[in-house]
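Listed here are the chains, written in short residue letters.
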Amino acid sequence: MKTGTPKTRRGRPARSDQQAAASRSLIVESARKLFAEEGYEGVSMRKIAAIAQCSPAALYTLFPNKRQLLRGIWEELFSELLVQLESAYATSGTQYRVEAVCLAFVDFWLQRPDEFRAIFMIEDRLQGEQDRYFVDSAQVLPRMAVLRRGITEAQSRGELRAGDPEEIQNVLLCGVQGIAVSLIAMPEFPWGDPDKLKRATIRALVIGLR
């Protein structure tokens, strides 16, 4: 009985996990650059694929639509933000941790004004029953644990008033987000020295929460 020769597998070999991760990273970075330069609405998936040097089919395999790609950017940015917040917490004096974390939050976005516009200046809309808001998918609130930690510590020392740490956190987040929006979205307004403005505003917020 003749034995047939084993069939060889045709087509491209399967990519390794490392290659797939590198491709995903390049796609996300390309999209971040394009969204920052041209705005979310002005960028097509085909253009992202061209910049990332991949086929549209490969792009859609990783990211079914542009909103999913934007979600990937959200997750990467907030991972970077968390590193900066944790560093601010760890390197600041005990009584200045809340202010240091707030300053780090503002500075993070001031260093990325184009990405801030691309991410925050669009409305997040659910596209199906199983869809989630970016804030939920990126676990933004759990990642703010470093700020709540600083708040509870300050409360235990009597430096902030007693109460729900999450409510105090939300007041501070509204404040620092407002600073970022003002300085990034309205740079033509005569704000004065941005560094003095952000520090004075955050200081006022903290004093008001005593």
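Reading the values: rules and limits
- Residues numbered from 1 in each chain as written.
- Predicted model: local features only at pLDDT ≥ 70, side-chain atom pairs only at ≥ 80, totals over all residues.
- Heavy atoms only, no water.
- Helix = DSSP H or I, 4+ residues; strand = E, 2+ residues; numbered from the N terminus.
- Axes fitted to C-alpha atoms, helices over the stretch in contact; angles between N-to-C directions.
- Parallel < 35°, antiparallel > 145°, perpendicular 65-115°, else oblique.
- Contact = heavy atoms within 4.5 Å.
- 1 Å grid on protein atoms, 1.4 Å probe; cavity = no way out; pocket = protein on both sides within 12 Å on 5 of 7 lines; lining within 4 Å.
- Points joined across faces, edges and corners; volume = space filled by probe spheres on them.
- Phe/Tyr/Trp six-rings, centres within 6.5 Å; stacked < 30°, edge-to-face > 60°.
- Buried < 20%, exposed > 50% of the residue type's maximum accessible area, 1.4 Å probe, protein only.
- Lys NZ or Arg CZ within 6 Å of the ring centre and 35° of its normal.
- Core = buried A, V, L, I, M, F, W, Y, C linked by side-chain atoms within 4.5 Å.
- Domains from an automatic or database assignment.

The protein chain goes by TetR/AcrR family transcriptional regulator in an unreviewed UniProt entry, where it is assigned to Solimonas fluminis.

A.B. asks: What is the right way to read unusual backbone geometry from this model?
C.D. replies: Leaving glycine aside, a negative phi is the common case for residues, and trans is the common case for peptide bonds. Not every positive phi belongs to a glycine, and Gln-53 is a case in point at roughly 60°. The residue Gln-53 is located in the loop between α2 (45-51) and α3 (56-62) in this model.

A.B. asks: Just checking my understanding: could you explain the packing of helix α4 (residues 66-91) against helix α9 (residues 145-156) for this structure?
C.D. replies: The description of two helices packed together rests on the angle between their axes and the distance between the axes. In contact at an axis separation of 9 Å, α4 and α9 are set at 25° when each is read in the N-to-C sense. Judged on the interaxial angle alone, α9 and α4 are roughly parallel. Mapping the contact onto sequence places Leu-85, Glu-86 and Tyr-89 in α4 and Val-146, Arg-149, Gly-150 and Glu-153 in α9.

A.B. asks: So what exactly am I meant to see when it comes to the layout of surface pockets here?
C.D. replies: Empty space among the atoms becomes visible once a probe the size of a water molecule is rolled across them. Quantified by volume, the second largest pocket comes out at close to 160 Å³. Gln-95, Glu-99, Glu-159, Arg-203 and Val-206 are the residues nearest the centre of the second largest pocket, which is lined by 14 residues in total. Broken down by secondary-structure element, the contributors of at least two residues to the lining of the second largest pocket are α5 (97-110), α9 and α11 (194-208). Examining the composition of the lining of the second largest pocket, we find that 3 residues originate from one element, α5, more than from any other.

A.B. asks: How should the packing of aromatic side chains be read in this particular structure?
C.D. replies: Any pair of aromatic rings gets described here by the distance separating the centres and the angle formed by the planes. Counting across every chain of the model gives 5 aromatic pairs. With a centroid separation of 6.1 Å and an interplanar angle of 65°, the aromatic rings of Phe-78 and Trp-109 are classed as edge-to-face. Within this pair, whereas Phe-78 is found in helix α4, its partner Trp-109 is found in helix α5, the two being separated by 31 residues in sequence. Ring plane angle 90° and centroid distance 4.9 Å describe the contact between Phe-108 and Trp-109, whose orientation is recorded as edge-to-face. The residues Phe-108 and Trp-109 share a single accessibility class, namely buried. An aromatic cluster is built from Trp-74, Phe-78, Phe-108, Trp-109 and Phe-116, whose rings are joined through pairwise contacts. Geometry around Phe-108 places Arg-112 over its ring, the cationic atom sitting 3.7 Å from the centre. Across from the ring centre of Tyr-89, 4.6 Å away, lies the NZ or CZ of Arg-149, which sits over that ring.

A.B. asks: Teacher, can you tell me more about the nonpolar core here?
C.D. replies: In terms of nonpolar packing, the biggest core is built from 54 residues, with Phe-35, Ile-48, Val-98, Trp-109 and Leu-172 touching the most fellow members. Per-domain counts for this core show at least three residues from each of domain 1 (16-64) and domain 2 (66-123 + 130-208). What Val-98 contacts, discounting residues up to four positions off in sequence, is Leu-147, Gly-150, Ile-151, Ala-154, Leu-160, Leu-172 and Val-206.

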